[in-house]
Amino acid sequence: MPRLNNEDWRAAARAALPRFVFDYVDAAADEGLCLQRNRDDLDRVILTPRVLRDVSRLETGIEVFGRRWAQPFGIAPMGLNGLSWPRGDEVLARAAAAHGVPFALSTASNARLEDLRAQAASGIHWMQLYVMHRGLAEGLVERAARAGYEALVLTVDVPVSGNRERDVRNGFRVPFKPTARFLFDVARHPRWAWRMARAGRLDFANLRVEDAPGADSASLQAALLTRAMDRSLTWESLSWLRRLWKGPLLLKGVLHPDDARRALDCGADGLIVSN
Ligand SMILES: Cc1cc2nc3c(=O)[nH]c(=O)nc-3n(C[C@H](O)[C@H](O)[C@H](O)COP(=O)(O)O)c2cc1C
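Structure report, in brief. (Residues numbered from 1 in each chain as written. Predicted model: local features only at pLDDT ≥ 70, side-chain atom pairs only at ≥ 80, totals over all residues. Heavy atoms only, no water.)

### Here we look at the nonpolar core
With 54 residues, the main nonpolar core has Phe 20, Leu 129, Tyr 149, Leu 152, Trp 192 and Leu 241 as its most contacted residues. The element best represented in this core is helix α6 (residues 134-147), accounting for six residues. The residues contacting Leu 241, other than those within four sequence positions of it, are Leu 129, Val 141, Leu 152, Leu 154 and Leu 249. Counting eight residues, the second-largest nonpolar core is a separate cluster that includes Val 64, Trp 69, Val 153 and Leu 250. (Core = buried A, V, L, I, M, F, W, Y, C linked by side-chain atoms within 4.5 Å. Buried < 20%, exposed > 50% of the residue type's maximum accessible area, 1.4 Å probe, protein only. Helix = DSSP H or I, 4+ residues; strand = E, 2+ residues; numbered from the N terminus. Contact = heavy atoms within 4.5 Å.)

### As for the pattern of salt bridges
A full pass over the atoms with the stated rule returns 19 salt bridges. Salt-bridge contacts for Asp 41 lead to Arg 44; the nearest nitrogen and oxygen are separated by 2.6 Å. Residue Asp 41 is classed as partly exposed on the basis of its relative accessible area, which comes to 43%. With relative accessibility at 59%, the residue Arg 44 sits in the exposed group. Three or more residues joined by partner-sharing salt bridges are found here, namely Glu 7, Arg 10, Arg 19, Asp 23, Asp 26 and Arg 166. (Salt bridge = Lys/Arg side-chain N within 4 Å of Asp/Glu carboxyl O.)

### Examining the pairing of strand β7 (residues 270-273)
Relative to β7, strand β6 (residues 249-254) is paired through four bridges, and the arrangement is parallel. What sits directly across from Leu 250, in β7, is Gly 270. For the crossover that starts at β6, traverses helix α12 (residues 257-265) and ends in the parallel β7, the hand is right-handed. (Pairing = 2+ DSSP bridges. Right-handed = clockwise from strand over helix to strand, strands pointing away.)

### Some details on the environment of Leu 83
With respect to the helices and strands, the residue Leu 83 is situated in the loop between β2 (67-69) and α4 (88-98). Between the C-alpha atom of Leu 83 and that of Gly 61, which follows or precedes it by 22 residues, the distance is 32 Å. With residues up to four places along the chain from it excluded, the contact list for Leu 83 reads Phe 20, Val 21, Asn 110, Phe 172, Trp 192, Met 196 and Leu 202.

Next comes the structure, spelled out in structure tokens:
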């Protein structure tokens, strides 16, 4: 069957992935109201085409922070891409580079930020930052600058984690204890299980023990999975980040116009409007 639209790809993913992985990617918080409203808003956008214009040459590219993008969008940061496909971060980064669009690497990626840059060096790479702990964040920012990431995206809308009901129902949480339902789920997707087994252990590769001397790896990784963020982060804290990161700095998750103005006053170079 040809895959012609998002729904076709969604159905293919549902068939190929265990339920807990599909739901992790597909679901939203609580009853999914916000997701549904976003969908409805997009569906309400209607374009009225104008006719008889010369469209023999089309140009969809834009310039952002001095770089040419072939399309006016990029790949948003997603944690745990390696769960959907082995080396999922690298696969997405290579695809983005091949199509001339940016790729944002999540703090919660399965690829180590330095390795990803080395493997897809020609691409436009942004680094997304979760601040769980200031010292850790400083380390990540310095590493991202050294590795050549072009922009830093600070995600500001997750001081507490969303209540992802489908993850809870699937038992996909910390501490992880495989239930019978989970094992059955995996057993029904042997091809996925085989791919994962061959790919080896999955971890949050940016946060290993060597990155946070004195911390123990298991608790660092659990903190990231539960998005245990530094809840004391405020506008005042932004100057700390602004001093550390010299390149373009974006805030992701801004919705209120006053927050947007304040972000620019605090030295942010861009916003990602997102909920
Ligand atoms: C599976 C999954 C993982 C995500 N992980 C992250 C993440 O690690 N960091 C982040 O800033 N946003 C993360 N997001 C949010 C996306 O970057 C994006 O904001 C979201 O899909 C909504 O799209 P929109 O911002 O275009 O509205 C994740 C989204 C999904 C679906």
